[in-house]
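# Commentary on secondary and tertiary structure
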Protein chains: 2
Amino acid sequence: MSKQLATFEANFRPLINTYLTENLPKDVDQSILSDAMAYSVNAGGKLLRPLLTLAVLVAAGQSEIATGQLRAASALELLHTYSLIHDDLPAMDNDDLRRGVPTNHVKFGAGMATLAGDGLLTLAFQWVADNDLPADQKLALVNALAVNAGPSGMVAGQADDISNEHHQLALPALENLHRHKTGALLHYAVQAGCIMAQTTPQETAALLTFADQFGLAFQIYDDLLDVTSTAEQLGKRVHKDAQESKNTYPGLFGVEGTKTRLAEVVAAAKTALEPLSQDSQLDVTLLTAFLSYFQIEG
Amino acid sequence: MSKQLATFEANFRPLINTYLTENLPKDVDQSILSDAMAYSVNAGGKLLRPLLTLAVLVAAGQSEIATGQLRAASALELLHTYSLIHDDLPAMDNDDLRRGVPTNHVKFGAGMATLAGDGLLTLAFQWVADNDLPADQKLALVNALAVNAGPSGMVAGQADDISNEHHQLALPALENLHRHKTGALLHYAVQAGCIMAQTTPQETAALLTFADQFGLAFQIYDDLLDVTSTAEQLGKRVHKDAQESKNTYPGLFGVEGTKTRLAEVVAAAKTALEPLSQDSQLDVTLLTAFLSYFQIEG
């Protein structure tokens with residue numbers, strides 16, 4: 001990992017975590033629900049999505065993050081956490097381990113876990129809308145979040161995922177599934193940064209191409225880890241994709257073929273940023289460094 | 001029912017239904033998910049919440065409803081439908097009949113029903129934000145919807161409800177539960193009308209007092225029907241509150257005591273509107289007529 005990325009993470013991960021810990025309880029009016037929501041939000045996630053948003057602001061030359069920007073970026077972690085809680089439910093993937101601890105429904109029951117997810121999803125929209133950003137930015141964020149997280153984005157991907165278990169998809173359908181299921185929220189993470197940094201249309205287009213390749217790399221890497229890691233390393237159950245006959249890259253290309261595909265996608269993400277290092281005021285070295293998350297041993 | 005209310009329903013219920021039927025599929029990018037969402041949205045709900053919103057606009061003198069207002073009002077039906085789908089899930093109330101037809105999870109499975117709810121909740125925010133209303137109204141709607149539907153509103157009430165089964169609550173705690181669980185969304189229905197009609201602070205305060213008494217009456221009436229009706233009449237399972245040891249008014253006051261309480265609350269709702277019929281430009285006869293929904297036989 002680059003020193004710049006390490007410093008960025010060391011600065012901003014605690015900032016987001018503190019924001020979440022301090023502010024989440026203020027907007028929950030039932031004690032068990034509050035505990036259930038906080039349990040998963042504070043479970044030590046990597047905060048990749050809000051960090052990506054803030055990295056776009058840093059790329060645009062911001063050294064300080066405004067309170068409204070921090071609130072809007074943190075909202076994305078609320079939304080991501082909801083998606084994990086619902087995804088883990090017995091009615092969905094039925095996982096009992098996440099980030100090394102029992103999943104929300106194991107701890108609080110499936111009913112309360114459903115509500116914790118519903119609460120986090122709704123609160124994400126509240127945090128995006130009730131902050132001191134300009135009105136046009138807030139509305140653009142609400143719209144982009146709904147489009148990417150909702151039934152034309154992430155929820156469509158989840159529906160595709162559970163509908164196609166035990167049914168091998170060809171590559172175009174698999175990429176469509178992943179673009180929705182994992183890609184849409186990473187797309188939004190970068191888009192939220194563009195909205196708040198007020199990047200030019202050219203810059204936004206390049207950054208969103210980067211985001212989409214980044215999202216694809218993320219899913220391919222996640223598929224690979226499921227095959228090649230232990231539960232101790234991942235903090236969640238492994239080899240579950242095969243057990244549940246999920247559609248994955250290793251299922252389609254094998255492990256070696258998947259590693260090759262990952263390298264290609266990471267290269268495409270890097271290439272997408274290159275015009276910006278010449279033709280714009282943006283400093284894309286930090287965003288480029290995010291691609292180091294996808295390094296495979298051996 | 002008053003002739004004015006019957007005419008209003010005959011005009012606006014088909015308008016909302018047509019809007020929902022035509023526009024819902026445009027924002028869903030997965031076919032089974034689209035079917036699951038449409039199944040419950042088009043199941044013949046009474047559309048009480050969007051009708052209440054539009055009734056405030058009519059009270060303010062509007063004879064025509066603008067497209068953006070119709071979209072924002074219809075969003076509330078998306079949100080209400082999500083709450084019913086999740087409430088019916090096996091992990092929650094485990095109901096298999098709703099509006100006379102199988103519940104969403106009976107038809108599509110609990111996983112897809114969870115996603116249909118998630119999709120409707122997210123899409124509600126999209127519809128409130130991407131329409132031709134002024135930006136300040138849209139942001140006010142997003143905020144009010146999140147506060148009333150989320151973990152400080154309806155979701156808190158649901159959490160209270162499932163946490164207190166088999167545990168008799170005293171009246172203040174029961175009213176707090178109902179204010180969140182049922183009241184918050186009816187509060188928002190009227191508030192959304194106030195935002196779009198740009199009512200004065202005094203008018204808004206009176207209308208929201210009406211909304212809160214209306215919400216209380218709604219829950220008391222719902223509790224009564226569960227005790228006194230048949231499944232054929234209601235299109236859903238009856239006597240389930242007692243079976244599940246839910247906290248209800250009849251459980252606390254008996255049927256006759258509950259009828260007395262209902263009459264008191266309906267009277268309070270009516271009283272809340274009275275100053276408006278003297279001191280404002282609003283015509284509250286239509287809103288007053290909504291209280292006829294709570295008539296008990298005998």
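In this text, all values refer to a predicted model and were calculated from it rather than measured experimentally.

With that settled, the discussion passes to the interface of chain A and chain B. With 45 residues of chain A at the interface, the matching set in chain B holds 45 residues. For the chain A and chain B pair, buried surface summed over both sides reaches about 3,600 Å², with 73% attributable to carbon and sulfur atoms. Contact with chain B buries area across many residues of chain A, yet Thr 122, Leu 139 and Pro 151 of chain A alone supply 17% of it, more than any other trio. Counting the contacts that link chain A with chain B gives zero salt bridges. At the junction of chain A with chain B, the criterion picks out ten residue pairs in polar contact (both at pLDDT 80 or more). Within the residue set of the side of chain A that touches chain B, elements represented by two or more residues are helix H2 (31-41), helix H4 (67-88), helix H6 (110-129), helix H7 (135-149) and helix H8 (154-163) of chain A. Here the side of chain A that touches chain B is composed, by residue class, of 26 nonpolar, 13 polar and six charged.

Time to look at the relation of the copies chain A and chain B. Least-squares fitting of chain A to chain B yields an RMSD of 0.0 Å, with the transformation described by 0.0 Å of translation along the axis and a rotation of 180°. In short, the pair behaves as if placed about a two-fold rotation axis. Comparing contact sets, 100% of the residues at the interface of chain A also lie at the interface in chain B, consistent with an isologous, same-surface contact.

Residue and element names in this part refer to chain A. With respect to the element layout, Thr 67 can be found in helix H4. Its relative accessible area of 52% is what places Thr 67 among the exposed residues. Separated by 48 residues in sequence, Thr 67 and Tyr 19 place their C-alpha atoms 9.6 Å apart.

This part covers unusual backbone geometry. Positive phi values are uncommon outside glycine, yet Leu 47 of chain B reaches one of about 60°. Structurally, Leu 47 of chain B can be placed in the loop between helix H2 (31-41) and helix H3 (48-59).

To continue, consider the pattern of salt bridges. All names here are of chain A. Counted according to the given criterion, the structure contains 18 salt bridges over all chains. Two residues, Asp 27 and Arg 71, come together in a salt bridge whose shortest N-O distance is 3.7 Å. Of this pair, Asp 27 sits in the loop between helix H1 (3-23) and H2 while Arg 71 sits in helix H4, placing them 44 residues apart in sequence. In this structure, Asp 27 and Arg 71 share a single accessibility class: buried. A salt bridge links Arg 99 to Glu 77; its shortest N-O distance comes to 3.8 Å. Linking Arg 99 in the loop between strand E1 (97-98) and strand E2 (101-102) with Glu 77 in helix H4, this pair joins segments that are 22 residues apart in sequence. According to the relative accessible area criterion, Arg 99 is partly exposed, its value standing at 24%. Judged by its relative accessible area of 1%, Glu 77 is buried. Connected via shared salt-bridge partners are Asp 27, Arg 71 and Asp 130.

A few words on the packing of aromatic side chains. Residues and elements named next belong to chain A. Under the defined criterion, the tally for this structure stands at 21 aromatic pairs over all chains. Ring geometry for Tyr 19 against Trp 127: centres 5.4 Å apart, planes inclined by 85°, an arrangement best described as edge-to-face. Linking Tyr 19 in helix H1 with Trp 127 in helix H6, this pair joins segments that are 108 residues apart in sequence. Comparing Tyr 19 with Trp 127 shows no difference in burial state: the two are buried. Judged by centre distance (5.6 Å) and plane angle (65°), the ring pair of Tyr 221 and Phe 294 falls under edge-to-face. One end of the pair, Tyr 221, is in helix H10 (residues 201-228); the other, Phe 294, is in the segment after helix H14 (285-289), and 73 residues separate them in sequence. Residue Tyr 221 shares its accessibility class with Phe 294, and that shared class is buried. Across from the ring centre of Phe 218, 5.3 Å away, lies the NZ or CZ of Arg 49, which sits over that ring.

Turning to the nonpolar core, a few remarks are in order. The nonpolar side chains of a soluble globular protein tend to be buried with one another. Phe 290 of chain A together with Phe 290 of chain B are the most contacted members of the largest nonpolar core, which totals 193 residues. When residues of this core are assigned to their parent elements, the largest contribution, 13 residues, is made by H10 of chain A. The contacts of Phe 290 of chain B, once residues within four sequence positions are left out, are Leu 5, Phe 8, Leu 48, Leu 51, Leu 52, Ala 55 and Phe 214 of chain B.

Our focus in this paragraph is the packing of H6 of chain A against H7 of chain A. Residues and elements named next belong to chain A. Packing of H6 against H7 brings their axes to within 8 Å, and their N-to-C directions diverge by 155°. Between H6 and H7, the angle falls in the class roughly antiparallel. Crossing geometry of H6 relative to H7 is assigned as right-handed. Of H7, the residues touching H6 (which contributes Ala 124, Phe 125, Val 128 and Ala 129) are Lys 138, Leu 141, Val 142, Leu 145 and Ala 146. Here the contact of H6 with H7 is built from residues that sort into eight nonpolar, no polar and one charged.

Parameters and conventions
Per chain, residue numbering runs from 1 following the sequence as it is written. Labels are handed out in written order, letters beginning with A for the chains and numbers beginning with 1 for the ligands. Local features are withheld for residues below a pLDDT of 70 in this predicted model, meaning they are given only at 70 or higher, and side-chain atom pairs are given and counted only at 80 or more; totals for whole chains, interfaces and linings count all residues. Side-chain calculation: all heavy atoms of the structure are included, whereas hydrogens and water are not. Any two residues whose heavy atoms approach within 4.5 Å are treated as being in contact. Simply put, the buried area is the total loss of 1.4 Å probe accessible area from both parts when two parts are fitted together. For this document, the term salt bridge refers to a Lys or Arg side-chain nitrogen within 4 Å of an Asp or Glu carboxyl oxygen. Nitrogen and oxygen atoms within 3.5 Å of one another constitute a polar contact, given that in protein one can donate a hydrogen and the other can accept it, and given that sequence-neighbouring residues count only through two side-chain atoms. A run of DSSP states H or I qualifies as a helix once it reaches four residues; a run of E qualifies as a strand once it reaches two. Both are numbered from the N-terminal end. Polar here means any residue outside two lists: the nonpolar Ala, Val, Leu, Ile, Met, Phe, Trp, Tyr, Cys and Pro, and the charged Asp, Glu, Lys and Arg; Gly therefore counts as polar. Least squares is the method used to superpose the copies, on C-alpha atoms of residues holding a pLDDT of at least 70 in both. Only protein chains enter the area calculation, which uses a 1.4 Å probe; residues under 20% of their type maximum are buried, those over 50% are exposed, and those in between are partly exposed. Centres within 6.5 Å are what make two rings of Phe, Tyr or Trp a pair, Trp counting through its six-membered ring; a difference in plane orientation under 30 degrees is then read as stacked, over 60 as edge-to-face, and the rest as tilted. By definition, being over a ring means that NZ of Lys or CZ of Arg is both within 6 Å of the ring centre and within 35 degrees of the ring normal. Only buried residues count toward a nonpolar core, which is a set of Ala, Val, Leu, Ile, Met, Phe, Trp, Tyr and Cys residues joined through side-chain atoms within 4.5 Å. Angles here are taken between N-to-C directions and fall from 0 to 180 degrees, while the axes themselves are lines fitted to C-alpha atoms, restricted in helices to the stretch in contact. Between 65 and 115 degrees an angle is taken as roughly perpendicular, under 35 as roughly parallel, over 145 as roughly antiparallel, and anywhere else as oblique. Helix crossings get a hand from a simple test, with the near helix turned counterclockwise from the far one by less than a right angle marking a left-handed crossing and a clockwise turn marking a right-handed one.

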